[in-house]
Structures are given as C-alpha cells and as structure tokens.
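Notes for the structure review
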Amino acid sequence: MPNLGIEVLFKGSNMARLLGGLWVSLRISLIAVGFSIGLGIPLGIVMTSKSPVIKVITRLYLEVVRIMPQMVLLFLVFFGTTRAFGWNLNAEVASVIVFSFWGCAEMADLVRGAFISIPKHQYESAKALGMNSFLVFSVIILPQTLRRLLPLSINLVTRMIKTTSLVMMIGVVEVLKVGQQIIEANRTSSPNAAFGVYGTVLLLYFIGCWPISMLSKYLEKKWNKS
Amino acid sequence: MSVNKKEEIIRVDHITKRYDENSVLEDFSLSVYEGEVVVIVGPSGCGKSTILRIMNGLEPIQKGEVTYRGEKVDGKLGSITRIREKVGMVFQSYELFPHKTILQNVMLSPVLVQKRDRKEVREEALQLLARVGLLEKKDNYPRQLSGGQKQRVAIVRALAMHPEVLLFDEVTAALDPEMVREVLDVLLSLAKEGKTMVIVTHEMSFAKAIADRVIFLDGGHLEEEGTATEFFEHPKTERAKQFLNTFTYAKVEREE
Ligand SMILES: Nc1ncnc2c1ncn2[C@@H]1O[C@H](COP(=O)(O)OP(=O)(O)O)[C@@H](O)[C@H]1O
Ligand SMILES: [Mg+2]
C-alpha cells in the first residue's frame, strides 16, 4: 500500500484548519452569490429593456467581466486600489467585491435569457384573461422564468465556489492555502502529504458543491412534474 | 333585423392599422351584436388575427376607434383589464400556463382578477371541464394533454371568466385533423346556447354551420358580408368565389 500522506491530516489541528479554510472559501462565495442574485435579478430585468442606452451599457459591463480573467480583477481591486486611491481593502472584502462584480453580470445575463425565452403568447394569454401587468409578471412570467433559471444559476454558483481558490493569490487563507501550508510544514516528516491533503481539499469542494447540485436536481424534478 | 334590433356589443369604427409602413387594415368597420356568431374568413395574411387582437386591445391602432358597449378599447388605458374580463379570447397556439395544473389554469383569473369565491369558482371550473370531457385531467399539467385537449381547456379557461363575447382565432389550425372535431363541437354547443362569438376559421363547412353572419376579408378590406347561406351558396364578388374555390377540388380526369 503506497503512503498517501493522509496521516498528516490527523496531526494536531490540521483537519480543523482545513475545515476553517473551507469555511473561508464558502463564506466568500456565499456572500458573493447573495449579492449576485440580489443585484443580478433586477439588473437582468433591466437588461430586457429595449432602450439602446441600457443595452450598450449592460452589454459592455458583461463583456468586460467575461474578457477579464478573474485573477486580473482580483489584483486590480486588491493591489490596484491601494495604489490608486490609497484604499486599504481587506483581502476578503476585495474578493467579495470581485466575485460579486463577476457573478452579478453572469446572473443578470442568465435572468435576461430566461425572461426573453418566455413566449410572447404567455403574456398575451394572461392579458386576455384580464390580468394587469403586475399579475401577468408575478403569477405567469416570473415563476416560469425562475424555473428556467434554476439549473443555470446553480451551475454559476458552483463555478463561483470553485473559482474562490484564486483568492489565495491575494493572501486570503482559504482551504487550498491552508492545504499548502500543511504540506509545507510537514515537508520532512510526511513528504507524501501532497496527495492526501489535495485529495482531501478536492473532497471538501465536492462536499461543498454536491448538496447544491442535489438540491437543484430535486427542484428540477419536482417542477418538471409540472 | 330592424324590428328587434339587438344591442351592439363591440364596435370597430373606421380603423386603420399599420405595422411600420405596412398597412394591414384600411378604414375597416365591424359591429358585433348580442347573441350573434360572426365568422371572419379570408386568405392567410389578410388581417383576420389582427382584427381580433385589436378588439381585445392587444394591438394599437393608428386611426378610428374600437368600443365595447360604448367604452373605448385601448391597451394603454387602465380600463382595459375590465374590458378583457368581458371579451374572452382563445388563440391559435393553445397557450395554457405550463406551470399550473389544468384546474389551476381555469381558476386563476376568476379568483385573482375577479376576486370571486374560490369554492364557487372551483365548482364551476369542474363543471366546465366535465362539459368538455376533461374532468379527469384536472390535476394534470398542460404538457400531458394532446393539442385538442389543451385547446378545449383554453376555451374553458376563457368561459370561466363569464365573458360576454368570445373571440376565437383559428383555434383548430394547429391541431391534427382528428382533433379538430372535438374542439369545433365545443364551439357549436356554445353557439346553441346563444353566446356572442367572433370566429376566425379556415374550416368552411364549420363556418357555414355556425355563422349567423360571414365577413370575407381580403387585403385588409371587407370584400363581402352576408348570411352563411348567402356567402357560401351565392357569393357575390369574384374574389369570394375564387377564395371558396380554393377549398374544392375537381375530379381528376385521367388521360387515356
Ligand atoms: N407583429 C407584426 N409585425 C409586422 N407585421 C405583422 C405583424 N403581425 C402581423 N403582421 C402582418 O399583418 C398582416 C395581417 O396579419 P394577420 O392578421 O396575422 O393575418 P391573418 O390572421 O389573416 O392570417 C400580415 O401581412 C402580417 O405579415
Ligand atoms: Mg391569423
């Protein structure tokens, strides 16, 4: 049996530290996901507007977010603002800002897509039944939009959680960074720790993302009966 | 007609409808009287759907006026929802709400818009569904139904609002031939009850059976108007004759 270096995890408080790191990752992503949903849904509704000005501005925002690697955004917000504006942003705050900036754009685009995919006839049938715009929107259009949105936004959320591993580049001690520290500290006593530690990190990400996927599968199934 | 003149319910008064530069209806007028069944026929693209949509305030018009019992029909006015409660419409593509069950589809507007008692609405919805033979589908979702069944539900959904007029836009055009009958039978039974209806259809034998009055439209103009017998047996205009001819086939004479 090869030495997988798993024993390192049981030394001292290593496992607890790793879990603490996972919590940092999840905390950043969940706060960012909260902002992305909270701001992305209204923004997505705004993006369905036919106004060319709104279209150009939101399009530009989306393109910038998509073209810029998240790492560059992180550096820009964390190091750049310190230099340019003299702000001394906490690394975690900077991470939340960057991930919200990114998530909000992606979320808004998903919302926009879901809204415009609802056929025009759904609006008209509802109107023909005497519903006012508020009822048409809240009872007919929004519920259908949310159903279409669910699998796509779950995908985005898990993508955001996974991408938080980048935040260690600006010094946030999250799960991957903790893992590295553990491996470094035990270089001599357990030279094979890398496999065990990174494997565990992988497992922790899985445990973090899997319930979310399951929840979405469950909701999809439940709604698909309809 | 003049002795016991029925009340005018919908009046379309010299309207003009354009999409951008394209004129669809020019100076078009039509009145619908209580209890009558008006059938609109005409070649595809002549503006039949547009007329129905305008009657329901779903399309803006450029000139003229549409009124329902003397009240202006305009999609931008707040009064439109009240008018739409009274002017039911069923579309060609049976658009039920996919996230609601059949019963919910039918009950939604009477409860939310008309604020009627839920129990009473439910009773009536079930009766209506039974009438079109779909009671056992009440808890199904639209996608579990065939096209003909969905269209019958759409009719029931409109009826549950207690409309005074019903507008039907080619309600069988998207159906497989064997389902046409089940839907048209529902319309025939409504006509028997004396419901006021405006029907756009390509089913000529059905039109002949149900119409009190036939309107033949061509290129956005009213080309001809008459009773069902007048129009189908003795069309006056050349265009109407040509149009009716497109529905008959001459026996093929085989060459020896
Ligand atoms: N939203 C639209 N934009 C532009 N043109 C339209 C639109 N809807 C209908 N039209 C045009 O108006 C004309 C009448 O359409 P319609 O009332 O649907 O005809 P019908 O129902 O008699 O087949 C057609 O020439 C059609 O191309
Ligand atoms: Mg049409």
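Because the structure is predicted, anything quoted here is derived from the model rather than measured.

Scanning chain A from N- to C-terminus turns up 8 helices and 0 strands. Start at the N end of chain A and walk to the C end: the helices and strands fall as α-α-α-α-α-α-α-α. In summary, chain A has a C-alpha radius of gyration of 22 Å against a globular reference of 17 Å for 226 residues, an excess of more than 25%. For the C-alpha atoms alone, the extent of chain A along its principal axes is close to 75 × 50 × 25 Å. Counting across all 226 residues of chain A, residues that qualify as buried make up 43%. Taking the intrachain contacts of chain A between residues at least 6 apart in sequence as the baseline, contacts between residues at least 24 apart amount to 78%. In the structure as shown, chain A presents an accessible area of about 11900 Å², 71% of it carried by carbon and sulfur atoms. Separation of charge centres in chain A, based on 21 positive and 9 negative side chains, amounts to 6 Å.

All names here are of chain B. The immediate surroundings of ligand 1 are formed by Tyr19, Val24, Ser44, Gly45, Cys46, Gly47, Lys48, Ser49 and Thr50. In this structure, Cys46 approaches ligand 1 through a main-chain N or O atom, which is 3.3 Å from an oxygen atom. Within the contact set of ligand 1, an oxygen atom lies 3.0 Å away from a backbone nitrogen or oxygen of Gly47. Considering ligand 1 on its own, with 560 Å² of exposed area, one finds that the protein chains cover 56% of that surface. Here the shell around ligand 1 takes 3 residues from helix 1 (residues 48–55), the largest share from any one element. Along the lines of polarity and charge, the residues of the shell around ligand 1 split into 3 nonpolar, 5 polar and 1 charged.

To continue, consider the packing of helix 2 (residues 52–67) of chain A against helix 4 (residues 91–116) of chain A. Residues and elements named next belong to chain A. Remark: helix 2 packs on helix 4, axes separated minimally by 9 Å, with the N-to-C direction vectors making an angle of 125 degrees. In this view, helix 2 runs oblique relative to helix 4, as classed from their interaxial angle. Here the hand of the crossing between helix 2 and helix 4 comes out left-handed. Only Phe101, Trp102, Cys104, Ala105, Glu106, Asp109 and Arg112 of helix 4 make contact with helix 2, whose side of the interface consists of Arg59, Tyr61, Leu62, Val65 and Arg66.

Turning next to the layout of surface pockets. In this structure, the largest pocket occupies an estimated 710 Å³ of space. What lines the largest pocket is a set of 25 residues, and nearest its centre among them are A:Lys127, B:Gly57, B:Leu58, B:Glu59 and B:Pro60. Put simply, the parts of the chain that give the lining of the largest pocket at least two residues each are helix 4 and helix 5 (120–128) of chain A together with helix 1 and strand 4 (63–68) of chain B. If you tally residues by element for the lining of the largest pocket, the top one is helix 5 of chain A, at 4 residues.

Glancing now at helix 4 of chain A. Taking 1.5 Å per residue, 26 residues should reach 38 Å; helix 4 of chain A reaches 38 Å between its end C-alpha atoms and fits that length. Between the side-chain oxygen of the N-cap and the backbone nitrogen of A:Glu92 there are 2.6 Å, and the N-cap of helix 4 of chain A in question is A:Asn90.

This part covers the interface of chain A and chain B. Each partner contributes residues to the interface: chain A has 21 residues there, and chain B has 25 residues. The tally of links from chain A across to chain B stands at 1 salt bridge. Residues A:Glu124 and B:Arg53 are paired through a salt bridge, measuring 2.6 Å at the closest nitrogen-oxygen approach. Counting every contact that joins chain A to chain B gives 7 residue pairs in polar contact (both at pLDDT 80 or more).

Residues and elements named next belong to chain B. With respect to the helices and strands, Val90 occurs in strand 6 (residues 87–90). Here Val90 falls in the buried class, since its relative accessible area comes to 2%. Once the C-alpha coordinates of Val90 and Gln151 are considered, the two residues, 61 residues apart in sequence, prove to be 8.3 Å apart. In this structure, Val90 is in contact with Gln151, Ala154, Ile155, Ala158, Leu167, Phe168, Asp169 and Val171, ignoring residues within four places of it in sequence.

What follows concerns the sheet that holds strand 2 (residues 22–33) of chain B. Residues and elements named next belong to chain B. Within the open sheet, the 4 strands sit side by side as 2-1-4-5. Their pairing is antiparallel. Each of the sheet's edge strands pairs with one partner strand only, and the pair in question is strand 2 and strand 5 (71–72). Looking at chain direction, strand 4 and strand 5 are connected through 2 bridges and run antiparallel. Bridging across to strand 5, Tyr68 finds its partner in Glu71.

In terms of backbone geometry, most residues other than glycine have negative phi values and most peptide bonds are trans. Residue and element names in this part refer to chain B. If you check the backbone angles, Asp27 has positive phi at about 50 degrees while not being a glycine. Of note, Asp27 is situated in strand 2. Here the phi dihedral of His162 falls at roughly 55 degrees; this positive angle occurs in a residue that is not glycine. Following the sequence through the fold, His162 ends up in the loop between helix 5 (147–159) and strand 7 (165–169). Classification of His162 as partly exposed rests on a relative accessible area of 38%.

Next up on the list: the side chain of B:Thr67. Inspection of the secondary structure puts B:Thr67 in strand 4. Of the residues examined, B:Thr67 reaches a relative accessible area of 11% and is grouped as buried.

Residue and element names in this part refer to chain B. Spatially, 6 strands are ordered 6-7-8-3-9-10 in an open sheet, and the strand pairing comes out mixed. Taken across any chain shown, the strands that pair with only one partner, and hence form the sheet edges, are strand 6 and strand 10 (221–226). Strand after strand, the sheet turns through a mean of 15 degrees between neighbouring axes, direction not considered. As judged from the 5 bridges shared by strand 7 and strand 8 (residues 196–200), these two strands associate in the parallel manner. Residue pairing in the sheet places Leu166 in a bridge with Met197 of strand 8. Relative to the sheet, helix 1 contacts strand 3 (37–41), strand 6, strand 7, strand 8 and strand 9 (213–218), its axis offset from that of strand 7 by approximately 150 degrees. Set on the sheet, helix 5 makes contact with strand 6 and strand 7; between it and strand 6 the angle comes to about 170 degrees.

Rules used throughout
- Residues numbered from 1 in each chain as written.
- Chains lettered and ligands numbered in written order.
- Predicted model: local features only at pLDDT ≥ 70, side-chain atom pairs only at ≥ 80, totals over all residues.
- Heavy atoms only, no water.
- Helix = DSSP H or I, 4+ residues; strand = E, 2+ residues; numbered from the N terminus.
- Rg over C-alpha atoms; globule rule 2.2 N^0.38 Å.
- Buried < 20%, exposed > 50% of the residue type's maximum accessible area, 1.4 Å probe, protein only.
- Contact = heavy atoms within 4.5 Å.
- Areas by Shrake-Rupley, 256 points an atom, 1.4 Å probe, with all protein chains shown as cover.
- Lys, Arg positive; Asp, Glu negative; His and termini not counted.
- Charge placed at Lys NZ, Arg CZ, Asp CG, Glu CD.
- Near = heavy atom within 4 Å.
- Polar contact = N/O pair within 3.5 Å; in protein donor to acceptor, adjacent residues only side chain to side chain.
- Nonpolar A, V, L, I, M, F, W, Y, C, P; charged D, E, K, R; others polar.
- Axes fitted to C-alpha atoms, helices over the stretch in contact; angles between N-to-C directions.
- Parallel < 35°, antiparallel > 145°, perpendicular 65-115°, else oblique.
- Left-handed = near helix turned anticlockwise from the far one by under 90°.
- 1 Å grid on protein atoms, 1.4 Å probe; cavity = no way out; pocket = protein on both sides within 12 Å on 5 of 7 lines; lining within 4 Å.
- Points joined across faces, edges and corners; volume = space filled by probe spheres on them.
- Expected span 1.5 Å × (residues − 1).
- Salt bridge = Lys/Arg side-chain N within 4 Å of Asp/Glu carboxyl O.
- Pairing = 2+ DSSP bridges.

Limitation: the analysis is restricted to geometry and does not speak to function.
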